Amino acid sequence: MRKYIFLLLVPFILLSCLGDNGDDTDVTFGIPNPPSPNCQYCIPQGALFVCEEIEEALNLINQIREEVGVSPLEWDCQLAEAAQSWAEYLAENSLFEHEPNSPYGENLFIAGDSVPTLVDAISAWYEEKNIFDPTDPNWCDKLNEVGHYTQLVWRNTTKIGCGMAKYQKKYQGVFEYVIVCKFDPPGNICNEMPY
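No experiment lies behind these values; they were computed from the predicted model shown. (Residues numbered from 1 in each chain as written. Predicted model: local features only at pLDDT ≥ 70, side-chain atom pairs only at ≥ 80, totals over all residues. Heavy atoms only, no water.)

Trainee: What exactly am I supposed to notice about the pattern of salt bridges here?
Mentor: Pairing is possible between side chains that carry opposite charge, provided their charged atoms lie close to one another. What the rule picks out here adds up to five salt bridges. A salt bridge links K182 to E99; the nearest nitrogen and oxygen atoms lie 2.5 Å apart. Placement of the pair is K182 in strand 4 (residues 176-184) and E99 in the loop between helix 3 (77-92) and strand 2 (105-112), with a sequence separation of 83 residues. Measuring nitrogen to oxygen at the nearest pair gives 2.9 Å for the salt bridge that ties E192 to R155. Placement of E192 in the segment after strand 4 and of R155 in the loop between helix 5 (143-153) and strand 3 (159-166) is noted, with a sequence separation of 37 residues between them. (Salt bridge = Lys/Arg side-chain N within 4 Å of Asp/Glu carboxyl O. Helix = DSSP H or I, 4+ residues; strand = E, 2+ residues; numbered from the N terminus.)

This is how it looks when you write it as structure tokens:
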């Protein structure tokens, strides 16, 4: 009987230990949705998106980053879990604000009436490129207008993870959804250029 229990536990333990790069160095057992055989990305429990969405979003982000000559981002399980936790907090408390004292960079997106995709959020943040002037050393004076874009392309950032939640209460008759993406290392350091 013990032999069978051990055989049942081995796949569970192996799945629980898989990280975003296939090793077990930076992932804890607290991540509820480890990568499945059909998906190389971990999706936080409760997130309202699917594996293909993550892949499409990463492709878009990395195309945007390639435009300015910075390295691609990788999906990170711990960042995704942190993003999902904050998205759920915002939705449960009818808030739309950045997480105070977070060690990560963070972009927020809100949409109503229909469920947005991660690509919807990234596309909206990318539109800020039209305002950003990469030759202006005082770019940070417009952080409220360009900060989502500059975080997307921040040269030192290597990892991203996102979450999404539905607000518990309707606003003007419409349910809204919030997307939170966390970035590590964080960007938007005002005395530095993004790339």
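Let us keep going from here.
Trainee: Could you clarify how one ought to interpret the pairing of strand 4 in this entry?
Mentor: A large share of strand 4 lies buried, amounting to seven of its nine residues. Here eight bridges tie strand 2 to strand 4, and the two strands are oriented antiparallel to one another. Opposite E106, over in strand 4, you have K182 as the bridge partner. Bridge count for strand 3 against strand 4 is eight bridges, and the pairing is antiparallel. Note on strand 4: the bridge partner recorded for K166 is Y177. (Buried < 20%, exposed > 50% of the residue type's maximum accessible area, 1.4 Å probe, protein only. Pairing = 2+ DSSP bridges.)

Trainee: Help me understand the packing of helix 2 (residues 51-67) against helix 4 (residues 118-126), please; the structure alone is not making it clear to me.
Mentor: Contact pair helix 2 / helix 4: the axes reach a minimum separation of 8 Å and the direction vectors enclose 20 degrees. The angle between the axes of helix 2 and helix 4 places the two elements in the roughly parallel class. For the pair helix 2 and helix 4, the crossing hand works out as right-handed. For the pair helix 2 and helix 4, the contacting residues are E53, I54, E56, A57, L60, I61, I64 and E67 in the first and L118, V119, I122, S123 and Y126 in the second. Each residue belonging to the contact of helix 2 with helix 4 can be placed in one class, and the counts come to nine nonpolar, one polar and three charged. (Axes fitted to C-alpha atoms, helices over the stretch in contact; angles between N-to-C directions. Parallel < 35°, antiparallel > 145°, perpendicular 65-115°, else oblique. Left-handed = near helix turned anticlockwise from the far one by under 90°. Contact = heavy atoms within 4.5 Å. Nonpolar A, V, L, I, M, F, W, Y, C, P; charged D, E, K, R; others polar.)

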